[in-house]
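Structural features, examined
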Amino acid sequence: MAKLSKRQRERLIKNILTIAIPTVLVLAVVLFIYIRANKEKTIDYTNAEESGLILIFQVDKTAPKADVDKVLTAMEKRAKTYSDYSEVYQKANGDIICKIPMMTKGIDTADIIDTMGKSGNVMILDEDNYNTFSKDSRYYVLAKNDDIVSCESSIEDDPNLDYDQTILTIKLNDEKSEKLKDKTSDGKNTSFYIYVDDELFAMAYSRKQITDGVLKTYDISDYYKAEKYATIIASGNYPVPVRLDVKHIN
């Protein structure tokens, strides 16, 4: 191969630089725009229209303001479990807007919608009253939403089993704790039935007297289900029902 003269080498280098410099500049600009856009996308979760879920609920326009305020409070508590940047507010026309930015990959939007839309009315029955309730007879409710102090989900290691157990822990207030203590005073095996929106969700069992007002369920196979219902129960119920009118997923 023939050697290039000095002038030919200079011309070749000049041609390469003529092509390379604009290309590098274009790539730099594109990279800058990409980094800036992704940075904004990473930190700016306040705009749910661009990065999340928007739910529009309708509520009875004749509902008392105090009941609607309770709905807003409970809904906001539920939304905050998904994102600290969530927003819940009521428009002038009465619609309730719930914006939840998607900050976690793999979130099941259908599950969020179900969680946000449930009234969350809790009813806890002991074994005797469960039997009369199932026969459509008169029954006594051990505890409802206002009687619950806290509700949490957890996973516990049981040395007697080959697998971890999903636990839902419900703490009752002082008045209902005394009722629970009386109900279990004989120390015999006792079952308690936990309903959410008239659906039997879980059962709690005691093999001794319960003195701390705490009920624990051990029959929930799915931790995410337990976590979902813990969110619903802990947030409080909706005194008036809401109806999903529109949903937007971005």
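Residues numbered from 1 in each chain as written. Predicted model: local features only at pLDDT ≥ 70, side-chain atom pairs only at ≥ 80, totals over all residues. Heavy atoms only, no water.

Looking now at the overall build of the protein. Looking only at helices and strands, one finds seven helices and 11 strands in the protein. The proportion of buried residues among the 250 residues of the protein is 38%. (Helix = DSSP H or I, 4+ residues; strand = E, 2+ residues; numbered from the N terminus. Buried < 20%, exposed > 50% of the residue type's maximum accessible area, 1.4 Å probe, protein only.)

Another aspect to go through is the pairing of strand β3 (residues 96-101). Along β3, six of the six residues are buried, which leaves the element largely enclosed by surrounding structure. Where burial is concerned, the two faces of β3 agree: the one with Ile96, Cys98 and Ile100 and the one with Ile97, Lys99 and Pro101 are both buried. In terms of strand pairing, strand β1 (residues 52-59) meets β3 through six bridges, oriented antiparallel. Bridging across to β3, Leu55 finds its partner in Cys98. (Pairing = 2+ DSSP bridges.)

Below, the discussion takes up the nonpolar core. Formed by 23 residues in total, the largest nonpolar core has its most connected members in Ile124, Leu168, Ile170, Phe192 and Phe201. For this core, the secondary structure elements donating two or more residues are β4 (122-126), β6 (148-157), β7 (164-172), β8 (190-196), β9 (199-206) and α7 (223-235). Ranked by residue count, the leading element in this core is α7, at four residues. Once residues lying within four places of it in the same chain are set aside, the contact partners of Phe192 are Ile124, Leu125, Asp126, Leu142, Leu180, Thr184, Ala202, Met203, Ala204, Ser206, Ile210 and Leu215. In this structure, Ala63, Val88, Ile96 and Met102 belong to the second largest nonpolar core, which totals 22 residues. (Core = buried A, V, L, I, M, F, W, Y, C linked by side-chain atoms within 4.5 Å. Contact = heavy atoms within 4.5 Å.)

Another point: the environment of Lys176. Looking at where Lys176 falls in the secondary structure, it is placed in helix α6 (residues 174-183). Between the C-alpha atoms of Lys176 and Leu142, which are 34 residues apart in sequence, the distance is 7.2 Å. Sequence-distant contacts of Lys176, defined by excluding residues within four places in its chain, comprise Tyr140, Val141, Leu142 and Asp147.

Here we take up helix α4 (residues 109-117). Those residues of α4 lying buried are Ile112, Ile113, Thr115 and Met116. Buried residues along α4 cover an arc of 165 degrees about the axis, so they all sit on one side. (Arc of directions from axis to C-beta.)

On to helix α3 (residues 65-80). Given a rise of 1.5 Å per residue, 16 residues ought to cover 22 Å, and the 22 Å separating the end C-alpha atoms of α3 matches this to within 8%. Residues Val68, Val71, Leu72, Ala74, Met75, Arg78 and Ala79 constitute the buried set of α3. (Expected span 1.5 Å × (residues − 1).)

A few words on the confidence of the model for the protein. Looking at the protein as a whole, the pLDDT averages 82, with 74% of positions reaching at least 70. Ignoring residues within four places in sequence, the model shows residues 37-50, a span with pLDDT below 50, making 18 contacts including any to other chains. (pLDDT = per-residue confidence, 0-100.)

Looking now at the pattern of salt bridges. Evaluation of the coordinates by the stated rule reveals six salt bridges. A salt bridge links Lys65 to Asp69, with the shortest nitrogen-to-oxygen separation between them at 2.8 Å. Of this pair, Lys65 and Asp69 both sit in helix α3, four residues apart, roughly one helical turn. The class for Asp69 is partly exposed, based on a relative accessible area of 32%. Here Lys228 and Asp114 are joined by a salt bridge, their closest N and O atoms 2.4 Å apart. Taken together, the residues span a long stretch of sequence, with Lys228 in helix α7 and Asp114 in helix α4 at a distance of 114 residues. (Salt bridge = Lys/Arg side-chain N within 4 Å of Asp/Glu carboxyl O.)

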